[in-house]
There are 2 protein chains.
Amino acid sequence: MASTEPQADSVDVVIVGGGIIGLVLTVGLLRVGVKVKVYEQAQGFREIGAGIAFTANAIRCMNLIDPAIPVALRSSGSVATSNGGDEDPNDYLRWIDGYDRQRDDPSLQQLFFKLNAGYRGFEGCRRDQFLEALVKVIPPGVIELKKRLETVHDNGSENKLLLTFQDGTTAEADAVIGCDGVKSTLRRIMFGDDHPASRPRYSHCVAYRTLIPMDKAVSALGAYKATNQHNHVGPNANILHYPVANNTMINAVAFIRDPNEWTDEKTVAEGTRDDVKAAVRGWSQPVLNLVDCFPDTLSKWGIFDLWEFPVPSYNVGRLSLAGDAAHASSPHHGAGACMGIADALCLTTLMEQVVVEAQKSPGDKGRALIAALDTYSAVRQTRSQWVVNSSRRVCDLHQQQEWADATKLIKAQTCFEEVKDRSLKIWHFDYERMVRDSLQGYKQRRAPINGATKDKNLY
Amino acid sequence: MASTEPQADSVDVVIVGGGIIGLVLTVGLLRVGVKVKVYEQAQGFREIGAGIAFTANAIRCMNLIDPAIPVALRSSGSVATSNGGDEDPNDYLRWIDGYDRQRDDPSLQQLFFKLNAGYRGFEGCRRDQFLEALVKVIPPGVIELKKRLETVHDNGSENKLLLTFQDGTTAEADAVIGCDGVKSTLRRIMFGDDHPASRPRYSHCVAYRTLIPMDKAVSALGAYKATNQHNHVGPNANILHYPVANNTMINAVAFIRDPNEWTDEKTVAEGTRDDVKAAVRGWSQPVLNLVDCFPDTLSKWGIFDLWEFPVPSYNVGRLSLAGDAAHASSPHHGAGACMGIADALCLTTLMEQVVVEAQKSPGDKGRALIAALDTYSAVRQTRSQWVVNSSRRVCDLHQQQEWADATKLIKAQTCFEEVKDRSLKIWHFDYERMVRDSLQGYKQRRAPINGATKDKNLY
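Residues numbered from 1 in each chain as written. Chains lettered and ligands numbered in written order. Predicted model: local features only at pLDDT ≥ 70, side-chain atom pairs only at ≥ 80, totals over all residues. Heavy atoms only, no water.

## Observations concerning the sheet that holds strand 7 (residues 122-126) of chain A
Residues and elements named next belong to chain A. In spatial order, the strands read 3-7-4; together these 3 strands make up an open sheet with antiparallel pairing. Strands with a single pairing partner mark the edges of an open sheet, and in this sheet they are strand 3 (51-55) and strand 4 (79-80). Running at roughly 85° to strand 7, helix 4 (residues 127-137) makes contact with strand 3 and strand 7 of the sheet. (Pairing = 2+ DSSP bridges. Helix = DSSP H or I, 4+ residues; strand = E, 2+ residues; numbered from the N terminus. Contact = heavy atoms within 4.5 Å. Axes fitted to C-alpha atoms, helices over the stretch in contact; angles between N-to-C directions.)

Dropping the structure here:
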């Protein structure tokens, strides 16, 4: 029994949610000596079979969390999502006129903008395969399935937090981190059922997703467009596709503006090809050809986020949120998960400090954890909430009415300078500075300079 | 007579408009050996007595155009617009809650965001005084007043352009550059009366401008706010002020959203203090105090710009536009004139190349000028048009409805990450790279690589 007895100087962290961010964080915290338990409500792992892409920047963050993570990613079959060809190894994002029908040759489309994302700028994989590879990195006994969190009781930073689950069992922890996604239970516990951030809002955009065999895609789009990422923009909709599965298929997503409310209980419903056809009626011929390749019925995702009502902070004492639980974003930058990876790097950095301090003065562990999580919230909130806003904004730009008005086309194209700036801000994140800022913020919170505590922001 | 005879190897440029950008460009072109004539329609110089501020970046551009220009600026009494005090020499921009009334002490306001603009980040002067100082740098005979341009005839790049004025006189030039402001005549000549860019559109924002003696401002706002730049934001309006005239007065501007059309013939009309009071009814006490210091009647500017209908390009052959004539912007970044200064640096750089080539092969001068002006348009258009868009965008953020809704205040404050990025993009412009890009673009246009001329953007 002695070996399972809690040790006073250990730092016990519960992670709620066994998705990609939860498991990446688990690997990081284990590496720096935290005692981790992961509680996942599902019977298996959370991620369903869709693809996900990570920026090169996020993959470098993974490497700092633990080099085993990018190894897991690559072992799960990740590939660069754009294929520049032999003469240029870089990935590009391309925005192309999805609306206008060229009079001379309806098969042609105008390329509006092309942006260099660098060598392997985006790497894509299947979510379930990456998750499987991550699970293999984590020792047995860390993850428990079928555990649905109900409450957390905080009896002061001198005592353990007490978690209760819907099955009546309980657990203790020094800190709890919710990686439980857009509909986070821990977020609701932290801020209360009535807080507007406890209920993510509908972004009034739906995503129809499907895979199309490459030969059909080549017939619809031509070989160049089919084998390279393209984003076809037009009024009230945009269609994005890129090759997957070793160039044997393309992943195609139709984002369509929806003026109505989302009424389904679940955020994924069944949609039809005819829905998509109606949204792109009269668009350019390649887009119509592509939509003809969609199956009769396909999955239709209602996109919910925390844009309208952000959380007030990413921690309340020793309870904290990471990934979508903290800053659920619409997917228009392809960067939501990358923000969660940077959260995990920040938390791993800070928890390493807490582990060292807890060994020196175990009685101070609670205050050290609060300083670490306060620092995490201060370091991460502005940037990750900016991505939530920015993703909404680029959706508005992709789907602006001006694409359908010849007199406004010059104006419409001026949007790409902004799209470029926003993309580069994501891709060129200075994560080393974030690590330095985290260490410095923690140090300052642990040894505050004496002085006025008056609110200098009120004068 | 021989001395006034046109020389085959001289480069004769006419600048339309004797405002700040026209005269800054004149000084630059004269320095690199261009023969310049400036035609100004007014009886005196164009700028009326309002203030103008330049970023430190724009002042460094002035120095590259001709070191006499920043000397003229400083000799005209420019001062840093924000006063950090003895302990911090940097200028800051500050955004403050103009709307919410603090329950405990109505004289207090919450500082939302503070942004370091660097040492002498903005320098302000009176427009008329800067213009006077610039005129002294220009030799006599270059500027002609009371000349209103009517038409420009282009008889092919082998021949001079022929300009006719409303007084029946004519002039010849190798190239014409319109620095004739938001209502540019040359723009209308280049694109035609029917082109939408020939008519700038109302931004649905008005600016009420006034000067207030410092003692009254201190009584209204307190000493700290009165002597430092502050931007009071709230729903549908924002109020900006900063010290001028050696801290003896503050310049105050109330920007107010206007859902109606602008019906006055002129863009400056008479407004009343009551108009402003109505827009800030119920706002925080310091804002109400400040508006009480406004005079009964004051000037009311309708803000017009080229946001909705940008020009297709900044040149058509040897006719070209710079400053507001090319990219009239609303003033919410305080950066409209700074874009014109960068235009002038780009044009000076390119015209220096044309002067050198014209001396070697005078017969090729027309094609060299077209290459230079095509390059200028390609180098400058994206960025300066972005400022037009960005200025509109930050106005929307400054005046968002969310400031008046306590449940949306967390969201509203997330806007400052975007405001910061946009400001830094303006303040940290890499003008040395612009100069390199200009030289390279000109070289490529003068010696094009043989190859396919097919439009690679259509596929």
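## Considering the interface of chain B and chain A
With 35 residues of chain B at the interface, the matching set in chain A holds 35 residues. Taking both sides of the interface into account, the surface hidden between chain B and chain A amounts to around 3100 Å²; carbon and sulfur atoms contribute 60%. Counting the surface chain B buries against chain A, the share from its top three residues, Lys411(B), Leu458(B) and Tyr459(B), is 23%. The interface formed by chain B and chain A contains 8 salt bridges. Glu418(B) is the salt-bridge partner of Arg422(A), the closest N and O atoms lying 3.0 Å from each other. In this assembly, chain B and chain A are joined by 16 residue pairs in polar contact (both at pLDDT 80 or more). Counting only elements with at least two residues in the side of chain B that touches chain A, the list comes to strand 5 (90-97), helix 7 (223-226), helix 12 (365-398), helix 13 (409-413) and helix 14 (415-427) of chain B. (Buried area = accessible area lost by both parts, 1.4 Å probe. Salt bridge = Lys/Arg side-chain N within 4 Å of Asp/Glu carboxyl O. Polar contact = N/O pair within 3.5 Å; in protein donor to acceptor, adjacent residues only side chain to side chain.)

## Some words on the nonpolar core
Membership of the largest hydrophobic core comes to 82 residues, with the highest contact counts inside it found for Phe54(A), Phe130(A), Val176(A) and Ile177(A). Leave out the neighbours within four places in its chain, and Phe54(A) touches Ile20(A), Ile59(A), Met62(A), Leu73(A), Gly121(A), Phe122(A), Glu123(A), Cys125(A), Phe130(A), Ala337(A), Cys338(A) and Ile341(A). Counting 81 residues, the second largest nonpolar core, distinct from the first, contains Leu163(B), Ala325(B), Ala371(B) and Tyr376(B). (Core = buried A, V, L, I, M, F, W, Y, C linked by side-chain atoms within 4.5 Å. Buried < 20%, exposed > 50% of the residue type's maximum accessible area, 1.4 Å probe, protein only.)

## With respect to the packing of aromatic side chains
As enumerated under the stated definition, the model contains 28 aromatic pairs over all chains in all. Between Trp95(A) and Phe113(A) the ring centres are 6.0 Å apart and the planes differ by 45°, which places this aromatic pair in the tilted class. Here Phe113(A) lies in strand 6 (residues 111-119) and Trp95(A) lies in strand 5 (residues 90-97), a separation of 18 residues in the sequence. With a centroid separation of 5.5 Å and an interplanar angle of 35°, the aromatic rings of Tyr202(A) and Phe304(A) are classed as tilted. Residue Tyr202(A) is found in strand 13 (residues 201-213), and its partner Phe304(A) is found in strand 18 (residues 297-305); the two are separated by 102 residues along the sequence. Three or more aromatic residues joined by ring pairs make a cluster, and in this case those are Trp95(A), Phe112(A), Phe113(A), Trp403(A) and Phe416(A). Of note, Arg209(B) hangs over the ring of Trp301(B), and the distance from its end group to the ring centre comes to 4.7 Å. (Phe/Tyr/Trp six-rings, centres within 6.5 Å; stacked < 30°, edge-to-face > 60°. Lys NZ or Arg CZ within 6 Å of the ring centre and 35° of its normal.)

## Describing the relation of the copies chain B and chain A
Least-squares fitting of chain B to chain A yields an RMSD of 0.0 Å, with the superposition described by an axial translation of 0.0 Å and a rotation of 180°. What the superposition gives is, in effect, a two-fold axis relating one chain to the other. For chain B, the smallest separation between a C-alpha atom and the rotation axis is recorded for Asp421(B), amounting to 4.5 Å. By residue overlap, the copies meet face to face through one surface: 100% of the interface positions of chain B are interface positions in chain A. (Least-squares fit on C-alpha atoms with pLDDT ≥ 70 in both.)

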